[in-house]
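What follows is each chain in one-letter form.
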Amino acid sequence: MTFSRRHMILTSAATFLAGCGAGGGTAPVVARPDPALEAGLRPQPNASYDAWVAAFKTRAQARGISASTLNRAFRGQGFLPGVIERDRNQTEFKRSLEDYLNIVAPEEKVVFGRRSFAAQSRALAQVEARYGVPADILGSIWGMESYFGTKRGKIPVISATSTLAWEGRRGRFFESNLMDALRIVQTGDARPDQLLGSWAGAMGHTQLIPNAYQEHAVDFDGDGKRDIWSNNPIDAFATTARFLSKAGWRRGQIWGLEVTTPSGFDGPTGRKAKKSVAQWQALGVRAANGGRIPDHSSAALLAPMGLGRPSFLVFHNFNMILRYNPSENYGIGVGYLAGRLIGGGPLRAGFGPDKYGLVLSERKALQNGLTQRGFDAGKADGVFGKKTEAAIRGFQRANGLAETGEPSRQLLGMLG
């Protein structure tokens, strides 16, 4: 946020926008949890939450939300413990850049994304012309937030925002979003059962939270609806572009680029250590592709996993992406995927071995080896999570080894 992506936009089936809510004697549509959702994302009994909701309804009515809106909006909603767990374990803040990019921009997603990007090229170009935010950046955010519109979320927004408001860690923020979600229902922009999204209440193709929808939503195609929910993503593209433009996006400037640093480089890194492009070049910083570094005033050098691994010179517009989501991994991910969508290749620098001495191909081989021996390690993506850890423990247990759950070169050799 400030509190950004979760101020404006956060992560993760299509839903459809309705012109008005239930009424006129028609039986109300009840928000029902998707049976495919895990238990923690379906309403659970919680007396404290129920008491909070009762008190909140009084506050909401005092701020103009009608009793009928509140009754319709909260029907079928409830406490979701799973959203609290997700709020405390956000991938972009807990993973290394290598793992994060393997999660958000693997090769199969790049291939799919290029087709999706091409299919929306006209809409993206129209939005870029009006707001100045490049089509590839908008397409990348679309891909990062909803896998190019294919994963727009299934969690009821009223339940998610009320749960997080009750929990209290960011209570005022989520109560504000809950209030704006109720306004969406009251004005007829959408029915409660259509307000589905991520664990944090983000909705639509580019995952707008209710606050952002109310402040920035655009009826770009002129059909009378600010429609971020339907299969046509153009209003979502325009809304995201408007947000970035109002935040301060500089038309015609790039976000940043991959660079190299010379052996023995001792210059500063981090977003606060800014220098002119000329100063960075004098220190030996060069574009990784051998091209020219554009001069967009001051820039910062980021080396998330240390010098000698992928490094980036980032400009003003990188910080605008961070207004959408404050994670540096997210900002680099958006820039990286944007380049891939328009034909760019993978990062030129390698990430090298991880703390276990394994490179990406070896981590994938280890996962494949475990699965082939009957210990399901999940997708062989080289990213080790709980499933891979459980598979390692199972293999170790079956083979009389100490159950560490940690990979190693020795383990890889046993599986080879």
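Cut-offs applied
The residue numbering used here restarts from 1 in each chain and proceeds along that chain's sequence as written. In view of the model being predicted, local features appear only for residues whose pLDDT reaches at least 70, and side-chain atom pairs are presented and counted only at 80 or more, with totals across whole chains, interfaces and linings using the full set of residues. Excluded from the side-chain calculations are hydrogens and water; all other atoms, namely the structure's heavy atoms, are used. Among the buried residues, those of types Ala, Val, Leu, Ile, Met, Phe, Trp, Tyr and Cys that are joined through side-chain atoms within 4.5 Å form a nonpolar core. Exposed residues in this analysis have more than 50% of their type's maximum accessible area, buried residues have under 20%, and partly exposed residues fall in between, with area computed by a 1.4 Å probe over protein chains only. Throughout, a contact is declared for two residues whenever any of their heavy atoms are within 4.5 Å. For every residue, the predictor reports its confidence as pLDDT, a number between 0 and 100. A run of H or I in DSSP becomes a helix once it reaches four residues, and a run of E becomes a strand once it reaches two; helices and strands are each numbered from the N terminus. Positive: Lys, Arg. Negative: Asp, Glu. His and the chain ends are not part of the count. Counted as salt bridges are all cases of a side-chain nitrogen of Lys or Arg within 4 Å of a carboxyl oxygen of Asp or Glu. Helices are assigned an expected span. That span is 1.5 Å times one less than the residue count. What counts as an axis is a line fitted to C-alpha atoms, over the stretch in contact for a helix, and the angles between N-to-C directions run from 0 to 180 degrees. To sort the angles, those under 35 degrees are grouped as roughly parallel, those over 145 as roughly antiparallel, those from 65 to 115 as roughly perpendicular, and the leftovers as oblique. Note: crossing handedness is left-handed where the near helix turns anticlockwise from the far helix by less than a right angle, and right-handed where it turns clockwise. Residue polarity follows a fixed list, in which Ala, Val, Leu, Ile, Met, Phe, Trp, Tyr, Cys and Pro are nonpolar, Asp, Glu, Lys and Arg are charged, and the others, Gly among them, are polar. We place a 1 Å grid over just the protein atoms. Points where a 1.4 Å probe fits but has no way out form a cavity, open points with protein on both sides within 12 Å along at least 5 of 7 lines form a pocket, and any residue with an atom within 4 Å of a point lines it. Grid points are joined across faces, edges and corners, and a volume is the space filled by probe spheres set on the points. N or O atoms within 3.5 Å of each other form a polar contact, as long as, within protein, one can give a hydrogen and the other can take it, and as long as residues adjacent in sequence are counted only when both atoms are side-chain atoms. Side-chain rings of Phe, Tyr and Trp, where Trp is taken by its six-membered ring, are said to pair if the distance between their centres is within 6.5 Å; with planes under 30 degrees apart they count as stacked, over 60 as edge-to-face, and otherwise as tilted. Distance and angle both matter: a charge sits over a ring if NZ of Lys or CZ of Arg is within 6 Å of the ring centre and within 35 degrees of the ring normal.

### Remarks on the nonpolar core
Here comes step 1: Counting 48 residues, the largest nonpolar core has Val127, Ile137 and Tyr330 as its most contacted members.
Here comes step 2: Ignoring any residue separated from it by four or fewer positions in sequence, one finds Val127 in contact with Gly132, Leu138, Phe220, Ile234, Phe237, Ala238 and Ala241.
Here comes step 3: One finds Leu37, Ile158, Phe173 and Trp199 within the second-largest nonpolar core, a separate group that totals 43 residues.

### Here we look at the confidence of the model for the protein chain
Here comes step 1: Per-chain confidence: the protein chain averages 90 in pLDDT, with 90% of residues scoring 70 or above.
Here comes step 2: Low pLDDT, under 50, characterises residues 1–31; the predicted model gives this stretch 116 contacts beyond four residues in sequence or across chains.

### Notes on the side chain of Asp136
Here comes step 1: Considering the arrangement of structural elements, one finds Asp136 in helix H8 (residues 135–146).
Here comes step 2: One buried charged residue, Asp136, remains without a salt bridge, the closest side chain of opposite sign being Arg114 at 11 Å.
Here comes step 3: Those residues in contact with Asp136, other than ones at most four positions away along the chain, are Phe117, Ala338, Leu341 and Ile342.

### What to know about helix H17 (residues 386–398)
Here comes step 1: Over its 13 residues, H17 extends 18 Å from the first C-alpha to the last, a length consistent with the 18 Å expected when each residue adds 1.5 Å.
Here comes step 2: Those residues of H17 lying buried are Thr388, Ala391, Ile392, Gly394, Phe395 and Gln396.
Here comes step 3: Buried residues belonging to H17 abut helix H16 (360–372) and helix H18 (409–415).
Here comes step 4: Following H17 by one or two positions, Gly400 adopts a phi angle in the positive range, close to 70 degrees.

### Concerning the packing of H8 against helix H12 (residues 234–247)
Here comes step 1: In the contact formed by H8 and H12, the axes pass within 10 Å of each other and the chain directions differ by 115 degrees. By the criterion of interaxial angle, the relationship of H8 to H12 is roughly perpendicular. The chirality of how H8 crosses H12 is right-handed. Along the contact surface, H8 presents Leu138, Ile141 and Trp142, while H12 presents Phe237, Thr240, Ala241 and Leu244.
Here comes step 2: Taken together, the residues of the contact of H8 with H12 break down into 6 nonpolar, 1 polar and no charged.

### Digging into the layout of surface pockets
Empty pockets left among the atoms are what a rolling probe the size of a water molecule brings to light.
Here comes step 1: Of the pockets and cavities examined, the second largest pocket occupies roughly 640 Å³.
Here comes step 2: If you go around the second largest pocket, you meet 27 residues; those closest to its centre are Gly256, Leu257, Glu258, Asn289 and Gly339.
Here comes step 3: Those elements that provide at least two residues to the lining of the second largest pocket are H8, strand E3 (256–260) and helix H15 (328–341).
Here comes step 4: At 6 residues, the largest contribution of residues to the lining of the second largest pocket is made by H15.
Here comes step 5: Residues belonging to the lining of the second largest pocket are distributed by class as follows: 14 nonpolar, 8 polar and 5 charged.

### Let's talk about the environment of Ser162
Here comes step 1: The topology assignment puts Ser162 in helix H9 (residues 157–167).
Here comes step 2: Sequence-wise, Ser162 and Ala241 are 79 residues apart; in three dimensions their C-alpha atoms are separated by 28 Å.
Here comes step 3: Residue contacts for Ser162: discarding those within four places in its chain leaves Tyr49, Trp52, Phe74 and Leu178.
Here comes step 4: Separated by 2.7 Å, the side chains of Ser162 and Tyr49 make a polar contact.

### Description of helix H5 (residues 97–104)
Here comes step 1: Within H5, 7 of the 8 residues are buried, which leaves the element mostly enclosed by the surrounding structure.
Here comes step 2: Within H5 the residues assigned to the buried category are Leu97, Glu98, Asp99, Tyr100, Leu101, Asn102 and Val104.

### Regarding the packing of aromatic side chains
Here comes step 1: Throughout the structure, instances matching the rule amount to 15 aromatic pairs.
Here comes step 2: Judged by centre distance (5.2 Å) and plane angle (75 degrees), the rings of Phe79 and Trp166 are edge-to-face. With a gap of 87 residues between them, Phe79 in the loop between helix H2 (67–74) and helix H3 (81–87) and Trp166 in helix H9 connect regions that are remote in the sequence.
Here comes step 3: The interplanar angle of 75 degrees and the centroid separation of 4.9 Å between the aromatic rings of Phe173 and Phe174 together place this pair among those described as edge-to-face.
Here comes step 4: Overall, the relative accessible area of 12% leaves Phe173 in the buried class.
Here comes step 5: In this structure an aromatic cluster arises from ring pairing among Phe112, Trp142, Tyr147, Phe148 and Phe237.
Here comes step 6: Directly above the aromatic system of Trp52 lies the positively charged group of Arg59, at a separation of 5.5 Å from the ring centroid.

### Focus: the pattern of salt bridges
Here comes step 1: All chains considered together, the criterion is met by 18 salt bridges.
Here comes step 2: In this structure, the salt-bridge partner of Asp376 is Lys387, at a minimum N-O distance of 3.3 Å. Residue Asp376 is located in the loop between H16 and H17, and its partner Lys387 is located in helix H17; the two are separated by 11 residues in the primary sequence.
Here comes step 3: On the basis of relative accessible area, Asp376 is assigned to the partly exposed category, the value being 44%.
Here comes step 4: The partly exposed category is assigned to Lys387, whose relative accessible area is 49%.
Here comes step 5: Taking the shortest distance from any N to any O, the salt bridge between Glu389 and Arg393 comes out at 3.3 Å. Taken together, the positions of Glu389 and Arg393, both in helix H17 and 4 residues apart, correspond to about one turn of that helix.
Here comes step 6: Take Glu389: its relative accessible area is 33%, and that puts it in the partly exposed class.
Here comes step 7: One connected set of salt bridges, linked through shared partners, spans Asp87, Arg169 and Arg170.

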